[in-house]
Amino acid sequence: MDYVLQLDKGLFYLINTKLTTSFLDFFMPFITTKANFINVIVFAWLIIFIMGKWKDRKALIIVVLAVLMSDLATDILKNLIYRVRPCNALADVRILAGCTESFSFPSGHATNVFAVAVYLSYIYRRYLPILFILAILVAYSRVYTGAHYPLDVAGGAVVGSIGAIIAIEVDKKLSPVAVLWFNKMRKRKMKEQAQCDE
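Residues numbered from 1 in each chain as written. Predicted model: local features only at pLDDT ≥ 70, side-chain atom pairs only at ≥ 80, totals over all residues. Heavy atoms only, no water.

Peer 1: What is the right way to look at the packing of helix α1 (residues 2-18) against helix α7 (residues 128-144) in this model?
Peer 2: Helix packing geometry: the angle between the two helix axes and the distance between the axes. For the pair α1 and α7, interaxial distance at closest approach is 8 Å and the crossing angle is 90°. Taken together, the axes of α1 and α7 are roughly perpendicular relative to one another. For the pair formed by α1 and α7, the contact residues are Phe 12, Ile 15 and Asn 16 on the first element and Tyr 140, Val 143 and Tyr 144 on the second. Partitioned by chemical class, the residues of the contact of α1 with α7 number five nonpolar, one polar and no charged. (Axes fitted to C-alpha atoms, helices over the stretch in contact; angles between N-to-C directions. Helix = DSSP H or I, 4+ residues; strand = E, 2+ residues; numbered from the N terminus. Parallel < 35°, antiparallel > 145°, perpendicular 65-115°, else oblique. Contact = heavy atoms within 4.5 Å. Nonpolar A, V, L, I, M, F, W, Y, C, P; charged D, E, K, R; others polar.)

Peer 1: Which parts of the structure should I look at to understand the pattern of salt bridges?
Peer 2: Close approach of charged atoms lets side chains of opposite charge pair. This model, assessed by the stated rule, comprises five salt bridges. Between Arg 83 and Asp 152 there is a salt bridge whose closest N-O contact spans 3.0 Å. With Arg 83 in the loop between α4 (54-81) and α5 (86-89) and Asp 152 in helix α8 (residues 150-197), this residue pair connects regions lying 69 residues apart in the sequence. The burial state of Arg 83 is the same as that of Asp 152; both residues are buried. In the salt-bridge network here, residues are joined through shared partners; they are Asp 8, Arg 83 and Asp 152. (Salt bridge = Lys/Arg side-chain N within 4 Å of Asp/Glu carboxyl O. Buried < 20%, exposed > 50% of the residue type's maximum accessible area, 1.4 Å probe, protein only.)

Peer 1: Sorry if this is basic, but what is going on with unusual backbone geometry here?
Peer 2: A negative phi angle is the norm for most residues apart from glycine, just as the trans form is the norm for most peptide bonds. Residue Pro 106 follows Phe 105 across a cis peptide bond; omega there is -5°. Within the element layout of this structure, Pro 106 appears in the loop between α5 and α6 (108-123). Phi is positive for Tyr 82, close to 55°, though the residue is something other than glycine. A relative accessible area of 52% places Tyr 82 in the exposed class. Not every positive phi belongs to a glycine, and Asp 92 is a case in point at roughly 60°.

Peer 1: Quick question: what am I supposed to make of the state of the cysteines here?
Peer 2: When the sulfur atoms of two cysteines share a covalent bond, that bond is a disulfide. Following the criterion strictly, the structure yields one disulfide and no others. Put simply, Cys 87 and Cys 99 are joined by a disulfide, and their sulfur atoms are 2.0 Å apart. Across the disulfide from Cys 87 to Cys 99, rotation about the S-S bond amounts to roughly 80°, and the bridge is consequently right-handed. A residue pair is termed long-range when its members are at least 10 positions apart, and Cys 87 in helix α5 and Cys 99 in the loop between α5 and α6 qualify at 12 residues. (Disulfide = S-S within 2.5 Å.)

Peer 1: Where do I start with the packing of aromatic side chains in this structure?
Peer 2: For any pair of aromatic rings, geometry is given as the distance between the ring centres together with the angle between the planes. Enumeration according to the criterion identifies eight aromatic pairs in this entry. With 6.2 Å between their ring centres and 65° between their planes, Phe 114 and Phe 132 make a pair best called edge-to-face. Remark: Phe 132 occurs in helix α7 and Phe 114 occurs in helix α6; sequence separation between them is 18 residues. Phe 132 sits in the partly exposed class, given a relative accessible area of 24%. A network of ring pairs unites the aromatic residues Phe 12, Tyr 13 and Tyr 149 as a single cluster. (Phe/Tyr/Trp six-rings, centres within 6.5 Å; stacked < 30°, edge-to-face > 60°.)

Peer 1: I keep staring at the nonpolar core and nothing clicks. Help me out?
Peer 2: The nonpolar side chains of a soluble globular protein tend to be buried with one another. Within the largest apolar cluster, 31 residues are counted, with the highest numbers of intra-cluster contacts made by Phe 12, Tyr 119 and Leu 120. Where this core is concerned, the elements lending two or more residues are α1, α2 (22-32), α4, α6, α7 and α8. Examining the composition of this core, we find that seven residues originate from one element, α6, more than from any other. When residues no more than four places from it in sequence are discounted, the contact partners of Tyr 119 are Ala 59, Ile 62, Val 63, Ala 164, Ala 167, Ile 168 and Asp 171. (Core = buried A, V, L, I, M, F, W, Y, C linked by side-chain atoms within 4.5 Å.)

Peer 1: I would appreciate a short explanation of the packing of α2 against α7 in the present structure.
Peer 2: At a minimum axis distance of 9 Å, the contact between α2 and α7 shows a crossing angle of 115°. It follows from the interaxial angle that α2 and α7 lie roughly perpendicular. Remark: the crossing between α2 and α7 carries left-handed chirality. Together, Leu 24, Asp 25, Phe 27, Met 28, Ile 31 and Thr 32 of α2 and Leu 137, Val 138, Tyr 140, Ser 141, Arg 142 and Tyr 144 of α7 make up the contact between the two elements. (Left-handed = near helix turned anticlockwise from the far one by under 90°.)

Spelled out as structure tokens, the structure:
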């Protein structure tokens, strides 16, 4: 385990202090900051929910549930493992996007983006490359900006993916039941309407 942690630390320093450019010093803090995207995400979510089809609305609801479930698992793991962030534990770290006191493993950002990427790529297969490129960029940015170790983002990717897979399996089992119930209620309403018209 000590060897793995030393390898993780060495890879962190490589990404954070060696594989750097002036462009990445601007780009990585930008994509790692949720505030830069939250308004656009909420606006797009509302537009799709209002204007989209049933499949789109269902996907939006389930992806939110997948993220919330994955987030809960991440918070539990953080407070069980107690891994200190590299920006708080190591010397000579380039801190490009702030450094909080919360624990490091697993990465919440990586958890969230991989939960979204895995679930939405299952629903919208043609967007799989774009979704995973974005997820990998956000995960990488957490290491580049000094907030997380590589193992933290790998752990977050696993937790988020598991959360999405659980959401997919629940959706597979509950969707047919929901459709049957909806059709049954619609037929009952139509029957009642027909009786009122007589």
